[in-house]
Amino acid sequence: MGAPRRAAPSRKPRTPRSRLGQNVALAPLDPPPPAPVVRAAPSPPFPRRGGAVGRVALELAQRLRAAIDSEFGRQYERILTELGPGDFDPFGFDLGYARYAVHFAAALYRRWFRCKVRGLENIPPGRALLVSNHSGQIPIDGMMIATALILDHEPPRLVRSMIEKWAATLPVVSTFFARCGQVVGIPENCRILLEREELILVFPEGARGISKTIDRAYQLEEFGSGFVRLALENRAPIVPVAVVGAEEQYPSVLNLRALADVIGAPAVPVSPLVLLGPLGLLPLPTRYHIAFGRPIVLGGEGDEDDEQVAEHVRVVRAAIQDLLRRTLDERKSIFG
Amino acid sequence: MATGASIRTRTTKSGARAAERSVILTGVCGRLGRLLLRQLHREGRVVGIDRRDFPDAPPDLMHYRLDIRRKACRDVFRREPAQAVVHLGVMHDPRISAETRHTWNVEGFGRVLEYVAAMRIPKLVLLSSAAVYGARPDNAQFLLEDAPLLASGRVSDIRDLVELDMLAQTFFWRVPECETVILRPSFIVGEVHNEIYSYFRLPITPRLLGFDPMMQFVHEADVVQALRQALRPGVRGIYNIGGPGVLPLSQVIARVGRPAAPVPHVLARGLLDRLWRLGFTDFPGREIDYLRYVCMVDDRRARRELGYAPRKSLDETVASIREAFGE
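Here the structure is a predicted model, which is why all the values come from computation and not from measurement.

Novice: I keep staring at the overall build of chain B and nothing clicks. Help me out?
Specialist: Tallying secondary structure elements over chain B gives 11 helices and 12 strands in all. Across the 327 residues that make up chain B, the buried fraction comes to 59%. For chain B, the proportion of contacts with a sequence separation of at least 24, taken over those separated by at least 6, is 77%. By element, 52% of the accessible surface of chain B is carried by carbon and sulfur atoms, the whole surface being about 13,600 Å².

The structure is reproduced here in structure tokens:
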């Protein structure tokens, strides 16, 4: 069992905010990273010449940025110093690029979904697998868990989530995920990351979970068993995670499986919100509750037979179901 | 015996040297062959076999200008008491028809294997490539040596190399007394004329819109170093040769300094194929998967067992792409 790589965070004097945007971690690279895909809090890309819409948007973006920068800036500096300068991350993570995405995620986290987080102290230092329920049609839940670890965890930690192989075939999306530190969900990738004492987020329900319709909200789908073998082989503790609130962001009533097969997508959800037109594309501003449970340490080597692994899977699944139920009970209303 | 006029021999400087066991290099006239030769011929006797002429060969090289598939080649192997064979003679030229190339490559290497077995040569080194794993969306970020070789599913040009690699793998158990080594380096850069060279030589470097895979490059000097390490007695097995680091393709293009144009991937293949057919480029459009998905290798085994460590830094390695154009 490796000792945690991240030493206790050393307090670093704050540097002026203007340095934030520079590629501190990517010092040897001269050309700036490519233009970010998500322009949530953009510095210049709004049209400068007149136009009421442009002015309002610029004003909004600046306010948003100021609001986030005050706290996010501090955390971001810390991540930079913890990861240290060096070559490109082997998995394609790029802090200079991810910064924009995290700004956007932070806005969603604080303002849109107003996340309430519990049990962050349960996350052990060093390697661990965060195992969560998956819901909400688009993987905002993964984004919110990762944001919680950056904004609210002490010290801030980078979460790598295991994305669908399908996402790697999509232009723009695949690059965006890679630059934000997301990794294609393959055991070999997991192994390398765990050896580096990183935090990995897995959704054992996979596409089945995220695309389920609203009538089955908060019922866990069947779990894959790969994560248990990974945890055993790499002696990584499992932290059960429950996300409540994501189920209602896009209430889906139907999954067009046939169409999904044709276009090669895992699912094509149909939400009554489409009746609202373009507005229906926005997720509903439900309140997210994210709960981290006590870590589960499994005993074994990873070469157990399927029976034993299935037993471990049941234990983890029950822990998440239990955590979900308790979080749901405490919730007063979907938006409150 | 068919030792005809096609064999042009050069006399060695001393008869004493002829008695030592030599290293046979196939494809010695290629860039890597010359680089390896430059290092080996100072230490011992080197025999070169290549179809091409070698006008400025060092005087102590015994160069046989012949086709590996010819019978005369067998006599070379019989006459030279070789301690090792390094097979670099893989034909890559995309302009030669796939069928001719395939026959030449597979048949040629089959002969080499046959002679190595018959003459009980104790060492065989094949320079394969990391490209044999194939660029696929579900690739591990760093492929290990035991990953399946799936390249030929989509890129038929790489089929030759995959087959040679497989042939060499059967040699592990067919002739266990021979120490067989397969090296699978990532994209080799420097002055080697290969696909990646042709790609960066395009006046405008095409990129796939929205794709920017991480890539590995290895400098030719480091490949030569790995080849020499593979020649050490006792070394056998398959080794990935990664390189000094990884960079996203966009960064590499920026450092090479040519203008780049993002092309939607649905159009890129047809576009590049057309350019290729018209003779504008030697980069065949079939290989765009390598610009779309990761195909990188985990070379920890080579670092551990061969003692391989790239001497060229990532910056130097990438800079050598630009330097190769003489800019």
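Back to the text.
Novice: Honestly, the confidence of the model for chain A in this entry has me stumped. Any pointers?
Specialist: Chain-level statistics for chain A give a pLDDT mean of 77 and a share of 74% at 70 or above. Contacts for the low-pLDDT stretch residues 1–50 of chain A, under 50 throughout, to residues beyond four places or in other chains number 80 contacts.

Novice: Which parts of the structure should I look at to understand unusual backbone geometry?
Specialist: In the Ramachandran plot, Val 172 of chain A falls in the positive-phi region, its phi being about 65° despite a non-glycine side chain. The topology assignment puts Val 172 of chain A in the loop between β3 (159–163) and α4 (173–179). Although it is not a glycine, Arg 120 of chain B adopts a positive phi angle of roughly 50°. For Arg 120 of chain B, the position within the fold is in the loop between α4 (98–118) and β5 (123–127).

Novice: Is there a simple way to explain the pairing of strand β6 (residues 179–185) of chain B in this structure?
Specialist: Look at any regular strand and the pattern is simple: side chains alternate between the two faces of the sheet. Residues and elements named next belong to chain B. Counted residue by residue, β6 has 7 buried out of 7 residues, so it is predominantly covered. Judged by which residues are buried, β6 turns out to be covered on both faces: Glu 179, Val 181, Leu 183 and Pro 185 on one side and Thr 180, Ile 182 and Arg 184 on the other are all buried. Two elements, β6 and strand β10 (residues 237–241), share 5 bridges in a ladder whose sense is parallel. Paired with Pro 185 across the bridge in β10 is Ile 241.

Novice: I tried to follow the sheet that holds strand β2 (residues 128–132) of chain A on my own but got confused; where do I start?
Specialist: Note on sheets: strands pair through backbone hydrogen bonds, and any given pair is parallel or antiparallel. Residues and elements named next belong to chain A. With respect to topology, 7 strands assemble into an open sheet ordered β1-β9-β6-β2-β5-β3-β4, the strand pairing being mixed. The outermost strands of the open sheet, each flanked by one partner alone, are β1 (116–118) and β4 (183–184). Relative to β4, β3 runs parallel, the two sharing 2 bridges. Bridge pairing in β4 links Ile 163 to Val 184. In this fold helix α9 (residues 306–330) packs onto β1, β2, β6 (238–244) and β9 (289–292), with an angle of close to 35° to the strand it touches most, β6.

Novice: Honestly, the packing of α4 of chain B against helix α5 (residues 159–174) of chain B in this entry has me stumped. Any pointers?
Specialist: When two helices pack together, their arrangement is given by the angle between the helix axes and by the axis-to-axis distance. All names here are of chain B. Where α4 contacts α5, the two axes come as close as 9 Å, and the packing angle between them is 15°. By the angle between their directions, the pair α4 and α5 is classed as roughly parallel. The handedness of the crossing between α4 and α5 is right-handed. Contacts between α4 and α5 involve Arg 101, His 102, Asn 105, Val 106, Phe 109, Leu 113, Val 116 and Ala 117 from the former and Arg 159, Asp 160, Glu 163, Leu 164, Leu 167, Ala 168 and Phe 171 from the latter. Split by residue class, the contact of α4 with α5 holds 9 nonpolar, 2 polar and 4 charged.

Novice: Where do I start with the interface of chain A and chain B in this structure?
Specialist: Counting from both sides, the interface comprises 25 residues of chain A and, opposite them, 23 residues of chain B. At the boundary of chain A and chain B, one finds 2 salt bridges. In this structure, Asp 212 of chain B and Arg 179 of chain A form a salt bridge, with 3.0 Å as the shortest nitrogen-oxygen distance. Our count for the contact surface shared by chain A and chain B stands at 8 residue pairs in polar contact (both at pLDDT 80 or more). Taken together, the elements giving at least two residues each to the side of chain A that touches chain B come down to α4 and α5 (187–195) of chain A. When grouped by side-chain class, the residues that make up the side of chain A that touches chain B number 14 nonpolar, 5 polar and 6 charged.

Novice: I tried to follow helix α8 (residues 249–256) of chain B on my own but got confused; where do I start?
Specialist: Because each turn of an α-helix spans 3.6 residues, side chains separated by three or four positions in sequence point in the same direction. Residue and element names in this part refer to chain B. Extensive coverage of α8 is indicated by the burial of 7 of its 8 residues. Here α8 has its buried residues at Leu 249, Ser 250, Gln 251, Val 252, Ile 253, Arg 255 and Val 256. Where the residues of α8 are buried, they touch α6 (195–201), β8 (205–208), β9 (214–219), β11 (246–248), β12 (260–263) and α11 (314–323). Following α8 by one or two positions, Gly 257 has its phi on the positive side, about 90°.

Novice: Is there a simple way to explain the sheet that holds strand β7 (residues 187–189) of chain B in this structure?
Specialist: Residues and elements named next belong to chain B. An order of β7-β9-β11 is seen for the 3 strands of this open sheet, with the pairing classed as mixed. Edge strands, defined here as strands with exactly one partner in the open sheet, are β7 and β11. Strand-to-strand twist in this sheet, taken as the mean axis angle between neighbours without regard to direction, amounts to 50°. Examined bridge by bridge, β9 and β11 share 3 bridges and lie antiparallel to one another. When the bridges of β11 are listed, Met 215 appears paired with Leu 247. Contacting β7, β9 and β11, α11 crosses the sheet at an angle of about 85° to β9.

Novice: In this structure, what is going on with a nonpolar patch on the surface? I would like to understand it.
Specialist: Taken together, the side chains of Ile 214, Val 253, Leu 254, Leu 256, Leu 259, Val 262 and Ile 263 of chain A define a hydrophobic patch exposed on the protein surface, amounting to about 610 Å² of accessible area. Structurally, Ile 214 of chain A is set in the loop between α6 (206–210) and α7 (226–234).

Novice: Looking at this structure, I do not really get the confidence of the model for chain B. What am I missing?
Specialist: Atom-level detail of predicted coordinates should not be read off regions where pLDDT is low. Across chain B, the average pLDDT comes to 87, with 94% of residues at or above 70. Across residues 1–18 of chain B the pLDDT falls below 50, and counting only partners more than four positions away or on other chains, this stretch makes 34 contacts in the model.

Novice: Is there a simple way to explain helix α7 (residues 220–230) of chain B in this structure?
Specialist: Among the 11 residues of α7 of chain B, 9 are classified as buried, and the element is accordingly described as predominantly covered. Taken together, the buried positions of α7 of chain B are occupied by Glu 220, Asp 222, Val 223, Val 224, Gln 225, Ala 226, Leu 227, Gln 229 and Ala 230 of chain B.

The rules behind the values
- Residues numbered from 1 in each chain as written.
- Chains lettered and ligands numbered in written order.
- Predicted model: local features only at pLDDT ≥ 70, side-chain atom pairs only at ≥ 80, totals over all residues.
- Heavy atoms only, no water.
- Helix = DSSP H or I, 4+ residues; strand = E, 2+ residues; numbered from the N terminus.
- Buried < 20%, exposed > 50% of the residue type's maximum accessible area, 1.4 Å probe, protein only.
- Contact = heavy atoms within 4.5 Å.
- Areas by Shrake-Rupley, 256 points an atom, 1.4 Å probe, with all protein chains shown as cover.
- pLDDT = per-residue confidence, 0-100.
- Pairing = 2+ DSSP bridges.
- Axes fitted to C-alpha atoms, helices over the stretch in contact; angles between N-to-C directions.
- Parallel < 35°, antiparallel > 145°, perpendicular 65-115°, else oblique.
- Left-handed = near helix turned anticlockwise from the far one by under 90°.
- Nonpolar A, V, L, I, M, F, W, Y, C, P; charged D, E, K, R; others polar.
- Salt bridge = Lys/Arg side-chain N within 4 Å of Asp/Glu carboxyl O.
- Polar contact = N/O pair within 3.5 Å; in protein donor to acceptor, adjacent residues only side chain to side chain.
- Patch = residues over 30% accessible without salt bridge, like charges linked within 9 Å, V, L, I, M, F, W, Y side chains within 5 Å.

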